[in-house]
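Chain by chain, the residues run as shown.
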Amino acid sequence: MPAALEGTRVLDLTQIMAGPFCTMLLADLGAEVIKIENPRGGDDSRRMAPPYYNGESAAFIAMNRNKYGIAVDIRTPAGKLERPISATGNILPARWTVLTCCKIQSLLPTLTVWQI
């Protein structure tokens, strides 16, 4: 039997706990979750330790299971890679203002922006 969210792609730009927990649950239900992090440090929960597990923050590992990961600096020309990835996404959970979410929604109308 297929998973409930199989075929759904989630672009995870969230950090710390609330957003990663939300996207972890979506991944557990079968969604393809792509965690997009800044290459200069990544998610702040990477530094929430101890405890550590194999040299990595246990909090980060726990909240980011079942996800694919990519580091993208959207301020550089190479960072324009995120635009094609975002065009293929279905859901973008975000912790931004309503105005920012509306702007993103207008640029990428096929993407559903969730404000967390």
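Here is what the cut-offs are and how they apply
Residues numbered from 1 in each chain as written. Predicted model: local features only at pLDDT ≥ 70, side-chain atom pairs only at ≥ 80, totals over all residues. Heavy atoms only, no water. Helix = DSSP H or I, 4+ residues; strand = E, 2+ residues; numbered from the N terminus. Rg over C-alpha atoms; globule rule 2.2 N^0.38 Å. Buried < 20%, exposed > 50% of the residue type's maximum accessible area, 1.4 Å probe, protein only. Contact = heavy atoms within 4.5 Å. Areas by Shrake-Rupley, 256 points an atom, 1.4 Å probe, with all protein chains shown as cover. Polar contact = N/O pair within 3.5 Å; in protein donor to acceptor, adjacent residues only side chain to side chain. Core = buried A, V, L, I, M, F, W, Y, C linked by side-chain atoms within 4.5 Å. Arc of directions from axis to C-beta. Pairing = 2+ DSSP bridges. Right-handed = clockwise from strand over helix to strand, strands pointing away.

Colleague: I would appreciate a short explanation of the overall build of the chain in the present structure.
Modeller: The secondary structure content of the chain amounts to four helices and seven strands. Its helices and strands taken in sequence order, the chain reads β-α-β-β-β-α-β-α-β-α-β from the N to the C terminus. Over its C-alpha atoms the chain spans a radius of gyration of 14 Å, differing by no more than 12% from the 13 Å that the globule rule assigns to 116 residues. Each principal axis of the C-alpha distribution contributes one length, and for the chain these read about 40 × 40 × 25 Å. In the chain, buried positions account for 36% of the 116 residues. Long-range pairs, those at least 24 residues apart, make up 51% of the contacts in the chain between residues at least 6 apart in sequence. Of the roughly 7000 Å² of accessible surface on the chain, a fraction of 62% belongs to carbon and sulfur atoms.

Colleague: Mind showing me how you'd approach the side chain of Thr14 here?
Modeller: Tracing the backbone shows Thr14 in the loop between β1 (9-12) and α1 (18-28). Residue Thr14 is classed as buried on the basis of its relative accessible area of 8%. Of the polar contacts made by the side chain of Thr14, one reaches the side chain of Asp12; its length is 2.4 Å. Here Thr14 is in contact with Gly19, Pro20, Thr23, Lys35, Asp43, Pro93 and Ile116, once residues within four sequence places are set aside.

Colleague: What exactly am I supposed to notice about the nonpolar core here?
Modeller: Within soluble globular proteins, side chains that are nonpolar tend to cluster in buried spots. Ranked by size, the top nonpolar core spans 11 residues in total: Leu11, Ile34, Ile36, Val72, Leu92, Ala94, Cys101, Ile104, Leu108, Leu111 and Val113. Core analysis: the next-biggest nonpolar cluster, separate from the first, contains six residues, Leu26, Ala27, Val33 and Ile91 among them.

Colleague: Mind showing me how you'd approach the environment of Asp43 here?
Modeller: Topologically, Asp43 is positioned in the loop between β2 (32-37) and β3 (52-53). C-alpha of Asp43 to C-alpha of Pro20: the two residues are 23 residues apart in sequence and 9.6 Å apart in space. Among all residues touching Asp43, those that are not within four sequence positions of it are Thr14, Gln15, Ile16, Pro20, Lys35, Glu37, Phe60 and Asn64. In this structure the side chain of Asp43 is engaged in a polar contact, spanning 2.9 Å, whose partner is the side chain of Lys35.

Colleague: What is the right way to read α1 from this model?
Modeller: Helical geometry note: an α-helix holds 3.6 residues per turn, so side chains three or four residues apart project in the same direction. Taken residue by residue, α1 has Gly19, Pro20, Thr23, Met24, Leu26 and Ala27 as its buried positions. Along the axis of α1, the buried positions cluster into a sector of 160 degrees, meaning they face one direction only. Those residues of α1 that are buried are in contact with β1, β2, α2 (58-63), β5 (67-71), β6 (91-94) and β7 (112-115). One or two positions beyond α1, positive phi appears at Gly30, with a value near 105 degrees.

Colleague: Would you take a moment to explain the pairing of β1 for this structure?
Modeller: Taken residue by residue, a regular strand's side chains alternate between the two faces of the sheet. As judged from the four bridges shared by β1 and β2, these two strands associate in the parallel manner. The partner of Asp12 across the bridge, within β2, is Lys35. Read as a crossover between parallel neighbours, the route from β1 over α1 to β2 is right-handed.

None of this, on its own, says anything about what the molecule does.
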